[in-house]
Amino acid sequence: MIDPVSWVWQSAEVPACQGASTSARRGEAGSFGQAMQDALAAWRVSQHASSRMEERGISLSSADWNAMEQAARAAEAKGARDTYMVIGDVGFVVHLPSRTLVTALKHEEHPVVTQIDSVVFVSRLDR
C-alpha cells in the first residue's frame, strides 16, 4: 500500500488563489495558475520515496514539480504508465496514472532500474 505524504506546493510564479474570485478558484474562469496548481496538488510521494529522498538528500523545487508534470503528460501521451524520470543526477520511479513517486535513486548508487516501461529526461530550468 502506498501512503501519500502531505506536501503543499507553493511557487512565486503561480500564487495560490489569494484574492481570486470564487469562479477562478473552481477553475470556471480558465485560470492557468489554478489549473497548474490543481495538477501539481495531485502528485503524491510514497512513504518509501519520502524516506529515500530524506536519506539521500534529494529535494525538489516547485520548478522541478512543474517540469515533472510536463514530462508526465508527454510520457502518458506516448502510452507510458510506470516511468523513470531522470532529473540531474537523480531519478524517480513514477506511477503516472496516480502521479505517485514510488522511489528516488541516485544514479551512481543504483545503476539498474526495473519495473518501468519508459524513461523520461526532465529538464531543470532553474539549475
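Each chain has its residues counted from 1, running along the sequence as written. At least 70 in pLDDT is required for a residue's local features to be given in this predicted model, at least 80 for side-chain atom pairs to be given and counted, and no such filter applies to totals for whole chains, interfaces and linings, which use all residues. The side-chain values count all of the structure's non-hydrogen atoms but skip hydrogen atoms and water molecules.

Draft legend 1. Spatial organisation of the pattern of salt bridges. Salt bridge criterion: a side-chain nitrogen from Lys or Arg within 4 Å of a carboxyl oxygen from Asp or Glu. Summed over all chains, the structure comprises five salt bridges. For Glu109, the salt bridge identified is with Arg56, shortest N-O distance 3.8 Å. On the criterion of sequence distance, the pair formed by Glu109 in the loop between β4 (100–106) and β5 (118–121) and Arg56 in helix α3 (residues 47–56) is long-range, its members being 53 residues apart. Residue classification places Glu109 among the partly exposed residues on the basis of a relative accessible area of 44%. Here Glu69 and Arg73 are joined by a salt bridge, their closest N and O atoms 2.8 Å apart. Here Glu69 pairs with Arg73, and both are found in helix α4 (residues 62–77), just four residues apart, close to one helical turn. Shared partners join several salt bridges into a network, and the residues in it are Glu69, Arg73, Glu76 and Arg99. Only DSSP runs of H or I with at least four residues qualify as helices, and only runs of E with at least two residues qualify as strands; both kinds are numbered from the N terminus onward. Here's how the labels work: a residue is buried when its accessible area is under 20% of the maximum for its type, exposed when over 50%, partly exposed in between, all with a 1.4 Å probe on protein chains only.

Draft legend 2. Quick peek at the nonpolar core. Judged by nonpolar contacts, the single largest core of 23 residues is most densely connected at Met68, Met85, Phe92 and Leu101. Secondary-structure elements contributing two or more residues to this core are α3, α4, β2 (82–87), β3 (90–95) and β4. Considering every element that reaches this core, the biggest residue donor is α4, with six residues. Any two residues whose heavy atoms approach within 4.5 Å are treated as being in contact. Each residue touching Phe92, except ones within four places of it in the same chain, is listed here: Met53, Ile58, Leu60, Met68, Thr83, Tyr84, Met85, Ile87, Leu101, Thr103 and Ala104. Only buried Ala, Val, Leu, Ile, Met, Phe, Trp, Tyr and Cys residues count toward a nonpolar core, and they belong to the same one when joined by side-chain atoms within 4.5 Å.

Draft legend 3. Expanded view of the sheet that holds strand β1 (residues 44–45). Strand order in the open sheet made by the five strands is β1-β4-β3-β2-β5, with mixed pairing throughout. Since the sheet does not close on itself, it has two edges, and those belong to β1 and β5, each with one partner. Axis definition: a line fitted to C-alpha atoms, limited for helices to the stretch in contact. Angles are taken between N-to-C directions and run from 0 to 180 degrees. In this fold α3 packs onto β1, β3 and β4, with an angle of close to 30° to the strand it touches most, β4. Relative to β2, α4 is tilted by about 140°, and along the sheet it contacts β1, β2, β3, β4 and β5. We call two strands paired when DSSP finds no fewer than two bridges between them.

Read these as geometric descriptors, not functional statements.
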